[in-house]
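If you want the building blocks of each chain, they are given just below.
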Amino acid sequence: MNFSTWMSGVQQRTESALEAALPAAALSPVRLHEAMRYSVLGGGKRVRPLLCHAAGAIFGASAGAIDAAAVAVELIHAYSLVHDDLPCMDDDVLRRGKPTCHVEFDEATALLAGDALQTLAFHTLSQRMAGIAPARQLEMLHLLSVASGSRGMAGGQAIDLAAVGQQLSIGELEFMHIHKTGALIRAAVLLGAHCGEAVPDDLERLGHFANRIGLLFQVVDDILDAEASTATLGKTAGKDAAQNKPTYVNILGAGEAKTMAGKLRQDAHDTLAPFGEVAMRLHEITDFIVERTF
Ligand code: GRG
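Description of the structure in this document. (Residues numbered from 1 in each chain as written. Predicted model: local features only at pLDDT ≥ 70, side-chain atom pairs only at ≥ 80, totals over all residues. Heavy atoms only, no water.)

**Concerning the site of the ligand**
Item 1. Lining the immediate surroundings of the ligand are 20 residues, of which Lys45, Arg48, His77, Asp84 and Arg96 lie closest.
Item 2. Lys45 places a side-chain nitrogen or oxygen 2.6 Å from an oxygen atom of the ligand.
Item 3. In the model, an oxygen atom of the ligand is placed 2.8 Å from a nitrogen or oxygen of the His77 side chain.
Item 4. Compared with its free state, where it exposes 690 Å², the ligand has 92% of that area covered by protein.
Item 5. Those elements giving two or more residues to the shell around the ligand turn out to be helix H4 (63–84), helix H8 (153–163), helix H9 (170–194) and helix H10 (200–227). (Near = heavy atom within 4 Å. Polar contact = N/O pair within 3.5 Å; in protein donor to acceptor, adjacent residues only side chain to side chain. Areas by Shrake-Rupley, 256 points an atom, 1.4 Å probe, with all protein chains shown as cover. Helix = DSSP H or I, 4+ residues; strand = E, 2+ residues; numbered from the N terminus.)

Given below as structure tokens:
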């Protein structure tokens, strides 16, 4: 099966699993449930679920178990986007080609929708998972909570907000992105691996791989923000420069940011090499992250 067919299959099964995990729109409180569904369904590349499935496949994990992990990570991601778009943070009006949650609904509803998506993620991951020992599931919950919290994504977002208008060194920028974007990407890879029979050495290698692609994702995001159009991105282009945010492009210049992306991509591939053919999908996702246009 080629990558594009495999990717569509995972995206479709993730959409169905998300649909099943979310409260029905008709359920009270209707407006909150509508806002949650609006923010999650029918959009997004589903990169984190793709990573869960690709990593799980290396260790013979069942697709059913991976679905739960993939849904949990994607719900955290969706919550982070809803909150990031709020006027008190990035203040954006466009996400995935449609009005952001607070524009379509209102600020209070968007805040609550983000909160409820976050708790739904942990609800989903705490439900009985066939074939996964309770101790391993507890480890997965721990992993996702650390990756999402102040020592992970939320911490990275705090550093990002404090960095507006500041000069950051490349090391400081890297530290911020390892937390803001990288932590959840790493959690997606490791949760997928935890659904199968990964041993500590595998997890360490995958952790290194995930750190490389987390940064790669961000470098490419910065290049796209500087070079692509709002119509192609489905979100406001040129936002980083407009908000005077430190990025790889404005610190290194576009040419060197692309060289850095090339090195991270190669390092990611090299890290996967000992897994052999079974890691094929992770190799392909690495290339997809670089070659994406939105
Ligand atoms: C509010 C706690 C909190 C955290 C927000 C992820 C994040 C932290 C903010 C998003 C801002 C941003 C544009 C980050 C760059 C990388 C990134 C996460 C882009 C969006 O992810 P994609 O491209 O989005 O996977 P889709 O729409 O495809 O799911």
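**Some points on helix H2 (residues 30–40)**
Item 1. For H2, a buried count of 8 out of 11 residues is recorded, marking the element as mostly surrounded by other parts of the structure.
Item 2. Of all the positions in H2, only Leu32, His33, Ala35, Met36, Arg37, Tyr38, Ser39 and Val40 are classed as buried.
Item 3. Lining the buried residues of H2 we find helix H1 (3–21), H4, strand S2 (98–99), helix H5 (101–104) and helix H6 (107–126).
Item 4. Downstream of H2 by a residue or two, Gly42 has a phi angle that is positive, lying close to 70°. (Buried < 20%, exposed > 50% of the residue type's maximum accessible area, 1.4 Å probe, protein only. Contact = heavy atoms within 4.5 Å.)

**Some details on the environment of Asn211**
Item 1. Of note, Asn211 is situated in helix H10.
Item 2. Sequence separation between Asn211 and Arg186 is 25 residues; the distance between their C-alpha atoms is 6.4 Å.

**Some thoughts on the packing of aromatic side chains**
Item 1. Using the criterion set out here, one finds 4 aromatic pairs in the structure.
Item 2. Ring centres of Phe59 and Phe275 lie 6.0 Å apart, and the angle between their planes is 90°; on these two criteria the pair is classed as edge-to-face. With Phe59 in the loop between helix H3 (47–58) and H4 and Phe275 in the loop between helix H14 (254–272) and helix H15 (280–291), this pair connects stretches of sequence that are 216 residues apart. Each member of the pair, Phe59 together with Phe275, is buried.
Item 3. The side chain of Arg48 reaches across the aromatic face of Phe217, ending 5.4 Å from its centre.
Item 4. Here the guanidinium or amino end of Lys98 rests over the ring plane of Tyr38, the centre of that ring lying 4.0 Å away. (Phe/Tyr/Trp six-rings, centres within 6.5 Å; stacked < 30°, edge-to-face > 60°. Lys NZ or Arg CZ within 6 Å of the ring centre and 35° of its normal.)

**Quick notes on the nonpolar core**
As a rule of thumb, nonpolar side chains are buried together in soluble globular proteins.
Item 1. In terms of nonpolar packing, the biggest core is built from 96 residues, with Leu51, Leu75, Leu144, Cys195 and Leu206 touching the most fellow members.
Item 2. The element best represented in this core is H4, accounting for 13 residues.
Item 3. Residue contacts for Leu51: discarding those within four places in its chain leaves Ile185, Ala188, Val189, Ile213, Leu282 and Ile285. (Core = buried A, V, L, I, M, F, W, Y, C linked by side-chain atoms within 4.5 Å.)

**Considerations on the environment of Pro200**
Item 1. You can see Pro200 is positioned in helix H10.
Item 2. Remark: the alpha-carbon pair of Pro200 and Gly255, spanning 55 residues in sequence, is separated by 38 Å.

**Things to note about the packing of H4 against helix H7 (residues 134–148)**
Item 1. Relative orientation of the contacting elements H4 and H7 amounts to 15°, with a least axis distance of 11 Å. Here H7 runs roughly parallel to H4, going by the angle between their axes. Handedness of the crossing formed by H4 with H7: right-handed. Touching Ala69, Ala72, Val73 and Ile76 of H4 are Met140, Leu144 and Ser148, all from H7.
Item 2. Here the contact of H4 with H7 is built from residues that sort into 6 nonpolar, 1 polar and no charged. (Axes fitted to C-alpha atoms, helices over the stretch in contact; angles between N-to-C directions. Parallel < 35°, antiparallel > 145°, perpendicular 65-115°, else oblique. Left-handed = near helix turned anticlockwise from the far one by under 90°. Nonpolar A, V, L, I, M, F, W, Y, C, P; charged D, E, K, R; others polar.)

**Regarding unusual backbone geometry**
Item 1. With an omega of 0°, the peptide bond running from Ser28 to Pro29 counts as cis.
Item 2. Along the polypeptide, Pro29 turns up in the loop between H1 and H2.
Item 3. In the Ramachandran plot, Asp91 falls in the positive-phi region, its phi being about 50° despite a non-glycine side chain.
Item 4. Despite not being glycine, Arg96 has its phi angle at roughly 50°, a positive value.
Item 5. Its location among the elements puts Arg96 in the loop between strand S1 (94–95) and S2.
Item 6. Given a relative accessible area of 25%, Arg96 falls into the partly exposed group.

Limitation: the analysis is restricted to geometry and does not speak to function.
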